[in-house]
Amino acid sequence: QVQLVESGGELVQAGGSLRLSCVASKRTFSSSDFSNSAMGWFRQAPGKEREFVAGVSWSGGTTSYADSVKGRFIISRDNAKNTVYLQMNSLNPEDTAVYYCAADIKNPITVGRPDYWGQGTQVTVSS
């Protein structure tokens, strides 16, 4: 079982920056490492489908980004803290959405179909 807890969503002015955090916990008597997992962020804006934003492999740190956020967003992870971050820069109103942390525990490289989701955190970018 994996629990994802997100934080950092808030109201921010256009052009500003924001960092989202996602703490992953694996409560088990077996190993709690995520060596075979990929973590990522998705977002869903009003009237839109949930879309992939960024992903990172837990072990190797391989990253991937949606075209809409390349050059502006940076995903990273701190293995010691079981935390994944999404640094969002140069935000614009089109980035307004609920952002969800997700984990694919069966994919060591990329986020495919997530097995677990966070509750979502609202990011609102004002103009």
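Before reading on, note that the structure itself is shown above.
All of these numbers come straight from a predicted model, not from anything done at the bench.

A. The arrangement of the packing of aromatic side chains in detail. Evaluation of the coordinates by the stated rule reveals three aromatic pairs. Ring centres of Phe-42 and Trp-117 lie 5.0 Å apart, and the angle between their planes is 65°; this geometry places the pair in the edge-to-face category. With Phe-42 in strand β4 (residues 38–44) and Trp-117 in strand β10 (residues 116–117), this pair connects stretches of sequence that are 75 residues apart. For Phe-42, a relative accessible area of 9% puts it in the buried group. For Trp-117, a relative accessible area of 34% gives the class partly exposed. Among the aromatic residues, those joined into a cluster by ring pairs are Phe-42, Phe-52, Tyr-100 and Trp-117. Positioned above the aromatic ring of Tyr-100 is the side chain of Arg-50, whose terminal nitrogen or guanidinium carbon lies 3.8 Å from the ring centre.

B. Broad picture of the nonpolar core. Met-39, Trp-41, Leu-86, Met-88 and Tyr-99 are the most contacted members of the largest nonpolar core, which totals 28 residues. Counting residues per element, the ones that place at least two in this core are β1 (2–7), β3 (18–26), β4, β5 (51–57), β7 (73–78), β8 (83–88), β9 (97–104) and β11 (121–126). For Tyr-99, the contacting residues outside a window of four places in its chain are Glu-6, Leu-20, Trp-41, Phe-42, Arg-43, Val-53, Phe-73, Leu-86, Met-88, Gly-120, Thr-121 and Val-123.

C. Region of interest: the sheet that holds β1. The strand order across the open sheet formed by four strands is β1-β3-β8-β7, and the pairing between neighbours is antiparallel. Of all strands in the sheet, those with a lone pairing partner are β1 and β7, marking the two edges. With direction set aside, neighbouring strand axes in the sheet form an average angle of 15°. Pairing of β7 with β8 involves six bridges; the strand directions are antiparallel. Its bridge partner lying in β8, Ile-75 is registered against Leu-86.

Analysis parameters
Residues numbered from 1 in each chain as written. Predicted model: local features only at pLDDT ≥ 70, side-chain atom pairs only at ≥ 80, totals over all residues. Heavy atoms only, no water. Phe/Tyr/Trp six-rings, centres within 6.5 Å; stacked < 30°, edge-to-face > 60°. Helix = DSSP H or I, 4+ residues; strand = E, 2+ residues; numbered from the N terminus. Buried < 20%, exposed > 50% of the residue type's maximum accessible area, 1.4 Å probe, protein only. Lys NZ or Arg CZ within 6 Å of the ring centre and 35° of its normal. Core = buried A, V, L, I, M, F, W, Y, C linked by side-chain atoms within 4.5 Å. Contact = heavy atoms within 4.5 Å. Pairing = 2+ DSSP bridges. Axes fitted to C-alpha atoms, helices over the stretch in contact; angles between N-to-C directions.

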